[in-house]
Amino acid sequence: MDDCNETIRELEAFLDGSLSEDGHHAIHAHLEGCSDCLQAFDFQAELRTVIAAKCRNDEMPPGLLSRIEQCFNEDFDGDGRIG
Ligand SMILES: [Zn+2]
């Protein structure tokens, strides 16, 4: 997998663990040779860790999750809507 856009698109499934084994290897292979995608990957992985930790400790400042969701256009808190 040499295409950066393809790799970024698969990132979500990769982090969710829902990617096929082939896809997994392809992402790994690409990340080893592409620092841009590796950075994007690190950022996403770290963001998820931070969000999970904050949600667990119930320390998320009001509105922060909504702002993050709007940045990524993604429903992190699972309430079916962005923001
Ligand atoms: Zn790349």
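Computed from a predicted model, the values in this text were never measured in an experiment.

J.: Sorry, what's going on with unusual backbone geometry here?
T.: The bulk of non-glycine residues show a negative phi, and the bulk of peptide bonds are trans. Unlike most non-glycine residues, Asn-73 shows phi in positive territory, near 55°. Looking at the element boundaries, Asn-73 is found in the segment after helix H4 (64-72). On the basis of relative accessible area, Asn-73 is assigned to the exposed category, the value being 62%.

J.: Honestly, the coordination of the zinc ion in this entry has me stumped. Any pointers?
T.: Reference values for angles at a metal are 109.5 degrees in the four-donor tetrahedral case and 90 or 180 degrees in the six-donor octahedral case. Within the first shell, the zinc ion binds the protein through Cys-4 (SG), His-30 (NE2), Cys-34 (SG) and Cys-37 (SG), at distances of 2.0 to 2.3 Å. Metal-centred angles of 101 to 113° between the four donor atoms at the zinc ion mark the site as tetrahedral. We note that the donor set of the zinc ion lies within a single chain, spaced as C-x25-H-x3-C-x2-C. In this structure Cys-34 comes out as buried when scored by relative accessible area, which is 12%. On the basis of relative accessibility, which here comes to 2%, the residue Cys-37 falls in the buried class.

J.: So what exactly am I meant to see when it comes to the pattern of salt bridges here?
T.: Taken as a whole, this structure holds five salt bridges when the rule is applied. Put simply, Glu-6 and Arg-9 hold a salt bridge, and the shortest N to O gap is 2.6 Å. One end of the pair is Glu-6 and the other is Arg-9, both in helix H1 (residues 4-16) and three residues apart, which spans about a single turn. Under the relative-accessibility criterion, Arg-9 is labelled exposed at 59%. Notably, a salt bridge pairs Asp-16 with Arg-48, separated by 2.8 Å at the nearest N-O pair. Here the residue Asp-16 occupies a position in helix H1, and Arg-48 occupies one in helix H3 (residues 35-57), the gap between them amounting to 32 residues. Looking at Asp-16, the relative accessible area reads 47%, which means it is partly exposed. Overall, the relative accessible area of 23% leaves Arg-48 in the partly exposed class.

The rules behind the values
- Within each chain, residue numbers correspond to sequence positions counted from 1 in written order.
- Totals for whole chains, interfaces and linings use all residues, but because this is a predicted model, local features are given only for residues with pLDDT of at least 70 and pairs of side-chain atoms are given and counted only at 80 or more.
- To obtain the side-chain values, all non-hydrogen atoms of the structure were included, while hydrogens and water were left out.
- Per the convention used, a helix needs a DSSP run of H or I reaching at least four residues, while a strand needs a run of E reaching at least two, with both numbered from the N terminus.
- Only protein chains enter the area calculation, which uses a 1.4 Å probe; residues under 20% of their type maximum are buried, those over 50% are exposed, and those in between are partly exposed.
- Coordinating N, O and S atoms are those within 2.8 Å of the metal (3.2 Å for Na, K and Ca), and as water is not part of the atoms, a site may appear to have fewer donors than expected.
- When four donors show all angles between 85 and 135 degrees the site is tetrahedral, when four or six donors have opposite pairs over 155 degrees and all other angles between 65 and 115 it is square planar or octahedral respectively, and in every other case it is irregular.
- A side-chain nitrogen of Lys or Arg and a carboxyl oxygen of Asp or Glu constitute a salt bridge if their distance falls within 4 Å.

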